[in-house]
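# Structural characterization, general
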Amino acid sequence: MGLKKIALIGGGQIGGVLAQLIASKQLGDVVMYDIVEDLPQGKCLDIAEASRIDGFDVSVKGTNDYKDIEGSDLVIVTAGLPRKPGMSRDDLLVTNANIIKTVAENVKKFAPNSIVIIVSNPLDAMVTLFQKVTGFEHNRVMGQAGVLDSSRFATFIAWELGVSVKDVNALVLGGHGDTMVPIVRYANVNGIPVMELLEQKYSDRSKAAEVMKAMVERTKQAGGEVVKLLKTGSAFYSPASASIAMAESIIFDEKRVLPVCAYLNGEYGVNGYYVGVPAILGKNGIQKIVEFSLDQEEKALLDNSVNAVKSLVADMERLGF
Ligand code: APR
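What counts, and at which threshold
- Residues numbered from 1 in each chain as written.
- Predicted model: local features only at pLDDT ≥ 70, side-chain atom pairs only at ≥ 80, totals over all residues.
- Heavy atoms only, no water.
- Axes fitted to C-alpha atoms, helices over the stretch in contact; angles between N-to-C directions.
- Helix = DSSP H or I, 4+ residues; strand = E, 2+ residues; numbered from the N terminus.
- Parallel < 35°, antiparallel > 145°, perpendicular 65-115°, else oblique.
- Left-handed = near helix turned anticlockwise from the far one by under 90°.
- Contact = heavy atoms within 4.5 Å.
- Patch = residues over 30% accessible without salt bridge, like charges linked within 9 Å, V, L, I, M, F, W, Y side chains within 5 Å.
- Areas by Shrake-Rupley, 256 points an atom, 1.4 Å probe, with all protein chains shown as cover.
- Salt bridge = Lys/Arg side-chain N within 4 Å of Asp/Glu carboxyl O.
- Phe/Tyr/Trp six-rings, centres within 6.5 Å; stacked < 30°, edge-to-face > 60°.
- Buried < 20%, exposed > 50% of the residue type's maximum accessible area, 1.4 Å probe, protein only.
- Domains from an automatic or database assignment.
- Buried area = accessible area lost by both parts, 1.4 Å probe.
- Nonpolar A, V, L, I, M, F, W, Y, C, P; charged D, E, K, R; others polar.
- Near = heavy atom within 4 Å.

### With respect to the packing of helix α7 (residues 194–202) against helix α8 (residues 205–220)
- It is at 8 Å that the axes of α7 and α8 come closest, and there the two elements cross at 125°. By the angle between their directions, the pair α7 and α8 is classed as oblique. Crossing angle aside, the handedness with which α7 passes α8 is right-handed. In this structure, α7 contributes Val194, Met195, Leu198, Glu199 and Tyr202 to the contact, and α8 contributes Arg205, Lys207, Ala208, Ala209, Val211, Met212 and Met215.

Below, the structure is given as structure tokens:
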């Protein structure tokens, strides 16, 4: 696959890390758009000046003019406000919906054939709005949440068991909010169920269940934990890495099975909403939603999370978006 043009809409914390990762991995030429004058130009100049050191020769350019994203193959949207301590992702709804609407209009105009990954929160609503405004096919508009939420879950499991995180597989489904659903039953270390390893460690079923419950809760609150520590914004290194994993699967047509915020058309019993589920990501975006059977409890948790997404989208529509 040839070199791609990648537009980053939003040159804040996540946008900056994205640009650096894309450049150092030579995934494509970067155009970073931000509304703040000179900010994207400054960040991109700074990154480009590391090209000799890191040995990349892609171009990294900042702009305040949407015209410069013309013909982009991939667009990653991080424009919008991040959370401050005490805020939920949903508190960002009105402000970020206004921003995403403008972003969507411009991406539609200047990069009408692009595949789009949304990162801005509240994620599920922002992806819904972006798709609605652009009218792009659902398979090329998706959101980043599950890759990060799953990585957080895997990290906590690896720390708890004292094993390499590389061998931990853990999946988080549902909306990107407090109702997200870490799937305990399939969490494994190279195929070995995590619950079995916890039971070995503690020689006690209820203690193992308690430890797992704490990891599930920490995963659900992990974004807030970082916000509380940073005080001035939200997580940015890990959301950038997660978006890059998605971008690479698309750019190199890897067909990785990643949890993404994808449009459901009956899958998992959901019709017409964007929800986090496993999907195959390839050169056309979402190639296929991967379904697997959930037990009763998992199904109830997912339904609860889907209901939270539905009410968020309803709130957004009530506000006129
Ligand atoms: N068009 C383009 N960029 C905009 C606009 C707009 N209308 N409004 C704001 N921005 C820019 C800001 O100028 C800022 O540089 O979006 C950038 C956002 O960057 P940060 O405030 O640093 O936020 P960041 O941590 O990158 O998170 C971005 O992703 O995870 C979510 O909740 C997070 O919604 C937030 C988004």
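### Considerations on a nonpolar patch on the surface
- Nonpolar side chains collect at one region of the surface, where Ile35, Val36 and Leu39 lie side by side and expose about 280 Å² of accessible area between them.
- Position of valine 36 among the secondary structure elements: in the loop between β2 (28–33) and α2 (39–48).

### Looking at the packing of aromatic side chains
- Tallying each qualifying case throughout the model produces seven aromatic pairs.
- Measuring from ring centre to ring centre gives 3.8 Å for tyrosine 33 and tyrosine 66, while their planes differ by 20°; the resulting arrangement is stacked. Pair noted here: tyrosine 33 is in strand β2 and tyrosine 66 is in the loop between β3 (60–63) and β4 (74–77), with a separation of 33 residues, a long-range link.
- Residue tyrosine 66 is classed as buried on the basis of its relative accessible area of 10%.
- An angle of 80° between the planes, with centres 6.2 Å apart, marks the rings of tyrosine 268 and phenylalanine 292 as edge-to-face. Taken together, the residues span a long stretch of sequence, with tyrosine 268 in the loop between β10 (256–265) and β11 (271–282) and phenylalanine 292 in the loop between β12 (285–289) and α11 (296–318) at a distance of 24 residues.

### Looking at the domain arrangement of the chain
- The domains assigned to the chain are domain 1 (5–143) and domain 2 (145–321).
- Summarising the inter-unit geometry, the C-alpha centres of domain 1 and domain 2 are found 22 Å apart.
- The partner domain 2 presents 43 residues to the 42 residues of domain 1 that form the contact.
- For the pairing of domain 1 and domain 2, the buried interface totals around 3,600 Å² over both sides, and the portion due to carbon and sulfur atoms is 72%.
- Broken down residue by residue, the surface that domain 1 buries against domain 2 is led by Leu27, Arg89 and Asp124, which jointly contribute 17%.
- The interface formed by domain 1 and domain 2 includes one salt bridge.
- Between glutamate 248 and lysine 25 there is a salt bridge; the shortest N-O distance is 3.4 Å.
- Of all the secondary-structure elements, those providing two or more residues to the side of domain 1 that touches domain 2 are α1 (13–24), β4, α4 (93–110), β5 (115–118), α5 (123–134) and β6 (141–143).
- The leading source of residues in the side of domain 1 that touches domain 2 is α5, at nine residues.
- Considered class by class, the residues forming the side of domain 1 that touches domain 2 number 25 nonpolar, eight polar and nine charged.

### Considerations on the site of the ligand
- Taken together, 21 residues lie around the ligand, and Gln13, Ile14, Asp34, Thr78 and Leu81 are the ones closest in.
- Of all the secondary-structure elements, those providing two or more residues to the shell around the ligand are α1 and α4.
- Taken together, the residues of the shell around the ligand break down into 11 nonpolar, nine polar and one charged.

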